[in-house]
Amino acid sequence: MNNIIQGREVCIYALDESEALLLPLVGSPVNAGFPSPATDFLENKIDLNAELIKNPSTTFVAITNGESMIGAGISDKDILIIDKSLPAKDGNIAVCFLDGEFTLKKLKIEKDVIWLMPQNPLFKPIKVTKENDFQIWGILTYSIQKHVRTY
Amino acid sequence: MYALIDCNNFYASCERLFRPELNGKPIVVLSNNDGCVIARSDEAKAIGIPMGAPAFEFEQTFLQNKVHVFSSNYALYGDMSNRVMSMLGEFAPEIEIYSIDEAFLHFKGFEKYDLSTYGSEIREKVTKGTGIPISIGFAPTKALAKVANKVAKKYPGLSGNVYCIDSEEKRIKALKWLKVGDVWGIGAQHEKRLKNLAIHTAYDFSEMNSSWVKNTMSIVGLRLQKELQGIPCLSMEEIQPKQNIAVTRSFEKNIKDFGLIRERVSTFAVTCAEKLRNQNSCCNTMMVFVLTNPFRRDLPQYRNNLTMQLPFPSNSSIELAEFAEMGLRKIYREGYEYKKAGVMVMNLTPEQNKQVCLFGNTNPIHQPAMQVIDGLNARLGMKKVKLASQNQGRTFKMRQEKLSPYYTTRLSDVIRVKA
């Protein structure tokens, strides 16, 4: 994803799959007066874009709304990384489109039926039948949750 | 062999990807400032909404038929285009991006491949991965690939959206099917003239006396005729689609330096502007792209393109050069050796005033301001116009009442998923 430059006379938009987000891998305490031995290794960076997004062309981002997947470690307002190119396999968590809305559930694929399995005892499994307007939109590869409290 | 790949109802498909409930429903997308219809889903075509329909005039039709109306969202379309093009680039040694939703692939050295099967595989992977359905036409020349693509699109049931002109029989059959006015590069004037000579199909045209073609339609027409006969003779830049002007060049040697690429890209933009003024049209959208040499597997590879929606239609060299530079700054990355760059202008509309009186839709400030700019342009030269163009930003606010979210480029706009 990428920010949008709102210029005076033009709006520029781009998906950015190329600009790496680089975080230093080594953080060593600085000892005043001595050169840090870590400086030699500073070219090692973790590129989270590259780590989390293997297929940039087919990867999309979404945000959750609800608690039905807390058992899978996914909470309300988490960021989802979704790859549309991956095959839907039993046990994967998928973004599905069901009767007019997107929903995130674990797939249970049986011979003639697909179950959407919430990961929270307060929610019931959903049986998908031919009557439903249903589509497996993409497969969840990662979810990102904010833990720090800033208040 | 060449392939022409194009995205089916591209803008509508982009909107539907994030609103799957709109599958099977009529959709139209409006031009800048919500002026007129620039894209339609099949369902909207079936209702009889014409291309270019003024939005205000068709308001009732939209309501009665429950047509979903969208302002053009180039953040979304440009990003989705980029995804499709990046995927396509992986399937062939050479790709030429031809417009926001079309590209040629050159399958050199694939003679022993079953291209129909390969095409189906490409189609399936791209359509699944990006969510944008595509059609593919294979043929020995670019002009024929364009024809094959039309067949693929017209008969999805038979072709599976992939069609291959790989025999003389298929070539003749396809050309006999295609009306001469629908041939790539044959405009309305030539169509009229040809029809007077009882030339009705692409096949009739391909069989015409070549010296007549050369005399009447110049060398461009002659090359087109040869291409339809199956003799490749068009390089990519030679024929422009009716709605785009592209200036793209390969550099003589690889360029790393931003300043040098900027100089090239500005020049391309100025050339586009000149061509626009020549045909009395303005562009509403610009695409800038850069790429490294895909044959140099030993070098790091990078390609990117960016589509910008201009806040007003323009054919001013200075403005377009500025936009192109802004775009280039956004996609240029240091450390790569660039082989090629290009500027493409799209969504052409007749020069300024026409849009306002035809569709009576827009901010009335536009027209006089544009005339002032053009006047300055002519009288005072570059610097003054730059000033004028810088002041515009505050005056012009695009009308986009039905804009969909920036689903793919802004975190606050991504889809919400019930969990």
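The rules we used
- Residues numbered from 1 in each chain as written.
- Chains lettered and ligands numbered in written order.
- Predicted model: local features only at pLDDT ≥ 70, side-chain atom pairs only at ≥ 80, totals over all residues.
- Heavy atoms only, no water.
- Helix = DSSP H or I, 4+ residues; strand = E, 2+ residues; numbered from the N terminus.
- Areas by Shrake-Rupley, 256 points an atom, 1.4 Å probe, with all protein chains shown as cover.
- Buried < 20%, exposed > 50% of the residue type's maximum accessible area, 1.4 Å probe, protein only.
- Contact = heavy atoms within 4.5 Å.
- Salt bridge = Lys/Arg side-chain N within 4 Å of Asp/Glu carboxyl O.
- Patch = residues over 30% accessible without salt bridge, like charges linked within 9 Å, V, L, I, M, F, W, Y side chains within 5 Å.
- Pairing = 2+ DSSP bridges.
- Core = buried A, V, L, I, M, F, W, Y, C linked by side-chain atoms within 4.5 Å.
- Axes fitted to C-alpha atoms, helices over the stretch in contact; angles between N-to-C directions.
- Left-handed = near helix turned anticlockwise from the far one by under 90°.
- Nonpolar A, V, L, I, M, F, W, Y, C, P; charged D, E, K, R; others polar.
- Phe/Tyr/Trp six-rings, centres within 6.5 Å; stacked < 30°, edge-to-face > 60°.
- Lys NZ or Arg CZ within 6 Å of the ring centre and 35° of its normal.
- UniProt positions renumbered as here; feature names shortened; annotations may be inferred.

Observations concerning the overall build of chain A
Turning to step 1, where the next piece is worked out: The helix and strand inventory of chain A stands at one helix and eleven strands.
Turning to step 2, where the next piece is worked out: Going from the N terminus to the C terminus, chain A shows its helices and strands as β-β-β-β-α-β-β-β-β-β-β-β.
Turning to step 3, where the next piece is worked out: Accessible area for chain A stands at about 9100 Å²; split by element, carbon and sulfur atoms hold 56% of it.

Re the overall build of chain B
Turning to step 1, where the next piece is worked out: Looking only at helices and strands, chain B has 16 helices and 14 strands in total.
Turning to step 2, where the next piece is worked out: Put simply, chain B has 419 residues, and 57% of those count as buried.
Turning to step 3, where the next piece is worked out: Of the contacts made within chain B by residues no fewer than 6 positions apart, 67% connect residues no fewer than 24 positions apart.
Turning to step 4, where the next piece is worked out: Looking at chain B as shown, the accessible area adds up to about 18300 Å², and 51% of this sits on carbon and sulfur atoms.

Focus: the pattern of salt bridges
If charged atoms from side chains of opposite charge come close, those side chains can pair.
Residues and elements named next belong to chain B.
Turning to step 1, where the next piece is worked out: On inspection of all chains with the given rule, the structure shows 18 salt bridges over all chains.
Turning to step 2, where the next piece is worked out: Where Arg19 meets Glu21, a salt bridge forms, and the shortest distance between an N and an O atom there is 2.7 Å.
Turning to step 3, where the next piece is worked out: A salt bridge links Glu325 to Arg262, with the shortest nitrogen-to-oxygen separation between them at 3.6 Å. One end of the pair, Glu325, is in helix α13 (residues 317-331); the other, Arg262, is in helix α12 (residues 258-278), with 63 residues separating them in the sequence.

Some thoughts on a nonpolar patch on the surface
Turning to step 1, where the next piece is worked out: A cluster of nonpolar side chains, contributed by Tyr155, Leu158 and Trp177 of chain B, occupies part of the molecular surface with about 330 Å² of accessible area.
Turning to step 2, where the next piece is worked out: For Leu158 of chain B, the position within the fold is in helix α7 (residues 156-159).

Observations concerning the pairing of strand β11 (residues 134-144) of chain A
A regular strand carries its side chains on alternate faces of the sheet.
Residues and elements named next belong to chain A.
Turning to step 1, where the next piece is worked out: Sheet topology note: the strand β6 (residues 79-83)/β11 ladder contains five bridges and is antiparallel. Bridging from a neighbouring strand, Leu80 pairs with Ser143 of β11.
Turning to step 2, where the next piece is worked out: Relative to β11, strand β7 (residues 93-98) runs antiparallel, the two sharing five bridges. For Leu98, the partnering residue across the bridge sits in β11 and is Phe134.

A short note on the nonpolar core
Turning to step 1, where the next piece is worked out: One finds Leu104 of chain A together with Leu88 and Phe107 of chain B to be the most contacted residues of the largest nonpolar core, which totals 65 residues.
Turning to step 2, where the next piece is worked out: Ranked by residues supplied to this core, first place goes to helix α4 (residues 74-89) of chain B with eight residues.
Turning to step 3, where the next piece is worked out: The residues touching Leu104 of chain A, leaving out its near neighbours within four places in the chain, are Thr64, Ser68, Met69, Ile74, Leu80, Ile93, Ala94, Val95 and Leu140 of chain A together with Val417, Lys418 and Ala419 of chain B.
Turning to step 4, where the next piece is worked out: Listed in part, the 33 residues of the second largest apolar core include Phe251, Met308, Ala341 and Val343 of chain B.

Here we look at the sheet that holds strand β4 (residues 68-71) of chain B
All names here are of chain B.
Turning to step 1, where the next piece is worked out: Across the sheet, three strands lie side by side as β3-β2-β4; this open sheet has mixed pairing. The open sheet is flanked by β3 (37-40) and β4, the only strands paired with a single partner. In this sheet, neighbouring strand axes are inclined to one another by 25° on average, regardless of whether the strands run parallel or antiparallel.
Turning to step 2, where the next piece is worked out: With three bridges connecting them, strand β2 (residues 27-30) and β3 associate as antiparallel partners. The partner of Val28 across the bridge, within β3, is Arg40.
Turning to step 3, where the next piece is worked out: On the sheet, helix α1 (residues 10-17) packs against β2, β3 and β4 and is oriented at approximately 110° with respect to β2.

Structural notes on the packing of α4 of chain B against helix α5 (residues 115-130) of chain B
All names here are of chain B.
Turning to step 1, where the next piece is worked out: Direction vectors running N to C along α4 and α5 enclose 145°, while the axes themselves pass 10 Å from each other. By crossing handedness, the relation of α4 to α5 is classed as right-handed. Here Met80, Arg83, Val84, Met87 and Leu88 of α4 lie close against α5, whose contacting residues are Ile122, Lys125, Val126 and Thr130.
Turning to step 2, where the next piece is worked out: By residue class, the composition of the contact of α4 with α5 is six nonpolar, one polar and two charged.

Re the packing of aromatic side chains
Turning to step 1, where the next piece is worked out: Counting across every chain of the model gives 27 aromatic pairs over all chains.
Turning to step 2, where the next piece is worked out: Relative to Tyr74 of chain B, the ring of Tyr11 of chain B has its centre 5.6 Å away and its plane inclined at 90°; by these criteria the two rings are edge-to-face. A residue pair is termed long-range when its members are at least 10 positions apart, and Tyr11 of chain B in helix α1 and Tyr74 of chain B in helix α4 qualify at 63 residues.
Turning to step 3, where the next piece is worked out: The class for Tyr74 of chain B is buried, based on a relative accessible area of 1%.
Turning to step 4, where the next piece is worked out: Here Phe107 of chain B and Phe138 of chain B contribute two aromatic rings whose centre-to-centre distance is 5.5 Å and whose plane-to-plane angle is 50°, an arrangement assigned as tilted. Residue Phe107 of chain B is located in the loop between β6 (102-106) and α5, and its partner Phe138 of chain B is located in strand β7 (residues 134-139); the two are separated by 31 residues in the primary sequence.
Turning to step 5, where the next piece is worked out: The structure contains a cluster of three or more aromatic residues connected by ring pairs, namely Phe60, Phe97, Phe102 and Trp137 of chain A together with Phe18 and Tyr407 of chain B.
Turning to step 6, where the next piece is worked out: Its guanidinium or amino end placed over the ring of Tyr163 of chain B, Lys170 of chain B lies 5.6 Å from that ring's centre, counting from NZ or CZ.

Considerations on the UniProt feature "domain: UmuC" (unreviewed entry) in chain B
Turning to step 1, where the next piece is worked out: Residues annotated by UniProt as "domain: UmuC" (unreviewed entry) correspond here to residues 2-187 of chain B.
Turning to step 2, where the next piece is worked out: For residues 2-187 of chain B, the end-to-end C-alpha separation is 23 Å, with 42% helix and 20% strand making up the annotated structure.

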